[in-house]
2 protein chains.
Amino acid sequence: MIRNANRKPVIDAKECDISGWDMENCPVRDVLDRIAGKWSTLLLEALSRQPFRFGELRRLVPDISQRMLTQTLRDLQRDGYIDRKVFPTKPPSVEYRMTELGHSLFEPLSKVLQWAEANHPSVKAARVKYDESELA
Amino acid sequence: MIRNANRKPVIDAKECDISGWDMENCPVRDVLDRIAGKWSTLLLEALSRQPFRFGELRRLVPDISQRMLTQTLRDLQRDGYIDRKVFPTKPPSVEYRMTELGHSLFEPLSKVLQWAEANHPSVKAARVKYDESELA
DNA sequence: AGCGCTAGTCTCTTTTTGAGACCAAAGATC
DNA sequence: GATCTTTGGTCTCAAAAAGAGACTAGCGCT
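Residues numbered from 1 in each chain as written. Chains lettered and ligands numbered in written order. Predicted model: local features only at pLDDT ≥ 70, side-chain atom pairs only at ≥ 80, totals over all residues. Heavy atoms only, no water.

Novice: Explain the protein's contact with DNA strand C to me, please; I cannot follow it from the model alone.
Specialist: Within the structure, DNA strand C sits among 20 residues, and Gln66(A), Arg84(A), Tyr96(A), Arg67(B) and Met68(B) are positioned closest to it. Restricting attention to atoms of DNA strand C within 4 Å of the protein, one finds that 63% of them are sugar or phosphate atoms. Contact distances for DNA strand C include 3.2 Å between a phosphate oxygen and a backbone N or O atom of Gly55(A). Contacts to DNA strand C include Trp39(B), whose side-chain N or O atom sits 3.2 Å from a phosphate oxygen. No other element matches the four residues that helix 5 (residues 66-78) of chain A contributes to the surface near DNA strand C. Among the residues forming the surface near DNA strand C, the class breakdown is seven nonpolar, six polar and seven charged. (Near = heavy atom within 4 Å. Polar contact = N/O pair within 3.5 Å; in protein donor to acceptor, adjacent residues only side chain to side chain. Helix = DSSP H or I, 4+ residues; strand = E, 2+ residues; numbered from the N terminus. Nonpolar A, V, L, I, M, F, W, Y, C, P; charged D, E, K, R; others polar.)

Pasting the structure below:
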């Protein structure tokens, strides 16, 4: 006998909210939407090591456009992860340096990076397996 | 005396490569580009608790479009973080369940989520401060 | 005189994302 | 028995975001 699709859901959505998930004004989303960008993590990793100047970062991440570099740095600065310091040279040079807040964020974040490095083979294997099964 | 902007860079990009950063075939980028999406983390958090069906996830994350839900789930499945199980009901029902790999990823990832929740006030404060200084 | 360096901005094109209609078959409702 | 709902999607079109590349200004070097 085929079960009805309208079987009872695994759990009601409202119950899940109770278990500590507030959709409106969600802190996790608010914070993560910023560091989840394509370039944010990369820049944070670089700056976690030491301060860098704009051009250095550009050379360090060759396939980032100047536009996105500027924008991502500004976003990170706005959220308080990095400091921007302008030296009154001609032409002016700018140094980006990770703040305390940035370092405290990077601590757990680096664990994810380590996981990524360690489990890259598993992920690649999963992809191959998926693509093969799709092909059929 | 004003320093020349052509002062020696803090460090040469090549040196940074030596300290363990391979730009081509970078595992960190390859893995993170997937979980860095706007929705991935949200779905992983939900599925880390328990399996959910498509419609349940849609109701749980109300502002995701069906299109992006489908696509994100497929990406997560392809990378081996979740399993997709179809029940031959009419209409068919589909259950998404986190794999072992997914759980092992979520362990460090949840630390970042916790950080986000804990430090949300600091981030919001930083934004206010930044916006005020920009306003001037 | 001409080139390169600095840290960006501006514009244009391409890619990604979002909103919503549409699907087919079965169950529930009226 | 006609209609409405529900399932898990796909398809199309519009809007937003990202990428590519030109352009800026003042100084040093050749």
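Novice: It is not clear to me how the interface of chain B and chain A should be interpreted in this structure. Could you clarify?
Specialist: Bring the parts together and some accessible area is lost; that lost area is often taken as the interface size. Contacts between the two partners involve 74 residues from chain B and, on the opposite side, 73 residues from chain A. Summed over both partners, the interface of chain B with chain A comes to about 6,800 Å²; 62% of that surface belongs to carbon and sulfur atoms. Counting every contact that joins chain B to chain A gives eight salt bridges. In this structure, Asp79(B) and Arg127(A) form a salt bridge, with 2.7 Å as the shortest nitrogen-oxygen distance. Across the chain B-chain A interface, the total number found is 14 residue pairs in polar contact (both at pLDDT 80 or more). Elements that contribute at least two residues to the side of chain B that touches chain A include exactly helix 1 (13-18), helix 2 (27-35), helix 3 (40-49), strand 1 (52-53), helix 4 (54-60), helix 5 (66-78), strand 3 (93-98) and helix 6 (100-135) of chain B. Ranked by the residues each element gives to the side of chain B that touches chain A, the list is headed by helix 6 of chain B, at 20 residues. Looking at the side of chain B that touches chain A residue by residue, the classes come out as 38 nonpolar, 14 polar and 22 charged. (Contact = heavy atoms within 4.5 Å. Buried area = accessible area lost by both parts, 1.4 Å probe. Salt bridge = Lys/Arg side-chain N within 4 Å of Asp/Glu carboxyl O.)

Novice: Help me understand the packing of aromatic side chains in this model?
Specialist: Two descriptors summarise a pair of aromatic rings, namely the distance from one centre to the other and the angle between the planes of the rings. Overall, the coordinates contain two aromatic pairs over all chains when judged by the stated rule. Considering the side-chain rings of Tyr81(A) and Trp115(B), the 6.2 Å spacing of their centres and the 50 degrees angle between planes classify their relative orientation as tilted. One end of the pair, Tyr81(A), is in the loop between helix 5 and strand 2 (82-87); the other, Trp115(B), is in helix 6, on a second chain. Neither residue differs from the other here; Tyr81(A) and Trp115(B) are each classed as buried. (Phe/Tyr/Trp six-rings, centres within 6.5 Å; stacked < 30°, edge-to-face > 60°. Buried < 20%, exposed > 50% of the residue type's maximum accessible area, 1.4 Å probe, protein only.)

Novice: Looking at this structure, how should I read empty space enclosed by the protein?
Specialist: To find leftover empty space, a probe the size of one water molecule is rolled over the atoms. Evaluated as defined, the whole model comprises three cavities of 30 Å³ or more. Here the largest cavity defines a volume of roughly 140 Å³. Forming the boundary of the largest cavity are Leu32(A), Ile35(A), Ala36(A), Thr41(A), Leu109(A), Val112(A), Leu32(B), Ile35(B), Ala36(B), Thr41(B), Leu109(B) and Val112(B). For the lining of the largest cavity, the secondary-structure elements that each account for two or more residues are helix 2 (27-35) and helix 6 (100-135) of chain A together with helix 2 and helix 6 of chain B. Per-class residue counts for the lining of the largest cavity are 10 nonpolar, two polar and no charged. One number sums up the size of the second largest cavity: a volume of about 80 Å³. Secondary-structure elements contributing two or more residues to the lining of the second largest cavity are helix 2 of chain A together with helix 3 of chain B. Per-element tally for the lining of the second largest cavity: the top contributor is helix 2 of chain A, with four residues. Among the residues forming the lining of the second largest cavity, the class breakdown is five nonpolar, two polar and four charged. (1 Å grid on protein atoms, 1.4 Å probe; cavity = no way out; pocket = protein on both sides within 12 Å on 5 of 7 lines; lining within 4 Å. Points joined across faces, edges and corners; volume = space filled by probe spheres on them.)

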